[in-house]
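Residue-level listing of the chains:
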Amino acid sequence: MANGKDAFSYALSRFIFSSIEFFNEEIKSYWGNIIPDLDKIPTDTEINNPAQRVKLVFGNKNFSSEEKAPKVVIINEPISFKHSAKIILEASSGEDCARLLAISHTIAQRFALPIYLIISAECLNEKLNFHPEHIPFPPKYIIREQSWKPDKIYPNHPALSFKRINYGSNKGPRDKAKILIISHGKYSLFVNNLIKGSKHKIRHLEIQTLRPFSKEILNQAMTSVQKTISINETYAWITENESIDSLSLNELNDLIN
């Protein structure tokens, strides 16, 4: 069965970048082993509109760019919430490896900024629910007006707010839940495995946009919930909230099982 690596490779073949760069030789070797044909991905250096020229950069958690230009920076491990990036996305499934790459390409153009996309080994190895070519991508973003200016960043911007909410089996937003669990990235994979066998009514919010963080999404998910818990790794990204408890994955497992 196909996995996140296949999804990521498929998305790379669908979106044209102006160049592909690597932070260092170690990173180049790392991604070369994952995507063997990475050096064969076509690029287009003749794109006329500067706003359409999106660079693809493979970096690590220490990479940072102050250049205000369309750029998708792929990071292979979690980064600190103190990172200077203004827009940070993190995949939380195999499908996200492709879907969020497509989204990152689009929002890099809309905001003319580096978009940091974290794709962990866990997500790259996660099995897909369907074939890579069936993963829905957003329409390609084409800037036609010469007077175009980049969008402004704000937390609830529809082009930046991505999440996944599991309300429980046959449950929806209006159904009450005993516990809401908030997680992000590869940690969401671990949480999903923990809650599979739980008898509690659990709602799970998987955050995919770490910055800018939308309080509106958080408040919506907390509606009709008795108790809200964030895993420690995600809590650092959430603005302090007295209604949210922070637990380790082991503590969470003890609580719900």
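Figured I'd write up the structure that's included with this text.

Reading guide: rules and limits
- Residues numbered from 1 in each chain as written.
- Predicted model: local features only at pLDDT ≥ 70, side-chain atom pairs only at ≥ 80, totals over all residues.
- Heavy atoms only, no water.
- Buried < 20%, exposed > 50% of the residue type's maximum accessible area, 1.4 Å probe, protein only.
- Helix = DSSP H or I, 4+ residues; strand = E, 2+ residues; numbered from the N terminus.
- Pairing = 2+ DSSP bridges.
- Right-handed = clockwise from strand over helix to strand, strands pointing away.
- Arc of directions from axis to C-beta.
- Contact = heavy atoms within 4.5 Å.
- Core = buried A, V, L, I, M, F, W, Y, C linked by side-chain atoms within 4.5 Å.

Describing the pairing of strand S8 (residues 202-207)
Along any regular strand, the residues point their side chains to alternate faces of the sheet.
Then comes step 1: Of all six residues in S8, six are buried; the element is thus mostly enclosed.
Then comes step 2: Here S8 shows a buried face lined by Ile-202, His-204 and Glu-206 and a second buried face lined by Arg-203, Leu-205 and Ile-207.
Then comes step 3: Two elements, strand S6 (residues 163-166) and S8, share four bridges in a ladder whose sense is antiparallel. The residue of S8 that forms the bridge with Asn-166 is His-204.
Then comes step 4: Where strand S7 (residues 177-184) lies against S8, six bridges are found, and the strand directions are parallel. Bridge pairing in S8 links Ser-183 to Glu-206.
Then comes step 5: Regarding the hand of the β-α-β motif, the stretch spanning S7, helix H5 (residues 185-195) and S8 is right-handed.

Some points on helix H2 (residues 25-34)
Then comes step 1: Among all positions of H2, only Ile-27, Trp-31 and Ile-34 are buried. What you see down the axis of H2 is that its buried residues fit within an arc of 50°, all on one side. Turned more than 90 degrees away from the buried face of H2, the exposed residues are Glu-25, Glu-26 and Asn-33.
Then comes step 2: Packed against the buried residues of H2 are helix H1 (4-14), strand S1 (19-22), strand S2 (55-59), strand S3 (71-75) and helix H4 (121-125).

Some words on the nonpolar core
Then comes step 1: In this structure, Phe-8, Trp-31, Ile-74, Leu-101, Ile-107 and Ile-119 are the most contacted members of the largest nonpolar core, which totals 43 residues.
Then comes step 2: Among the elements of the structure, H1, H2, S2, S3, helix H3 (96-111), strand S5 (114-118) and H4 are those that each provide at least two residues to this core.
Then comes step 3: Among the elements that line this core, the one with the most residues is H3, at nine residues.
Then comes step 4: When neighbours within four sequence positions are excluded, Leu-101 is seen to be in contact with Phe-8, Ala-11, Leu-12, Phe-17, Leu-56, Val-72, Ile-74, Asp-96 and Leu-117.
Then comes step 5: Ranked by size, the runner-up nonpolar core spans 24 residues in total, among them Ile-118, Leu-210, Ala-221 and Ile-244.

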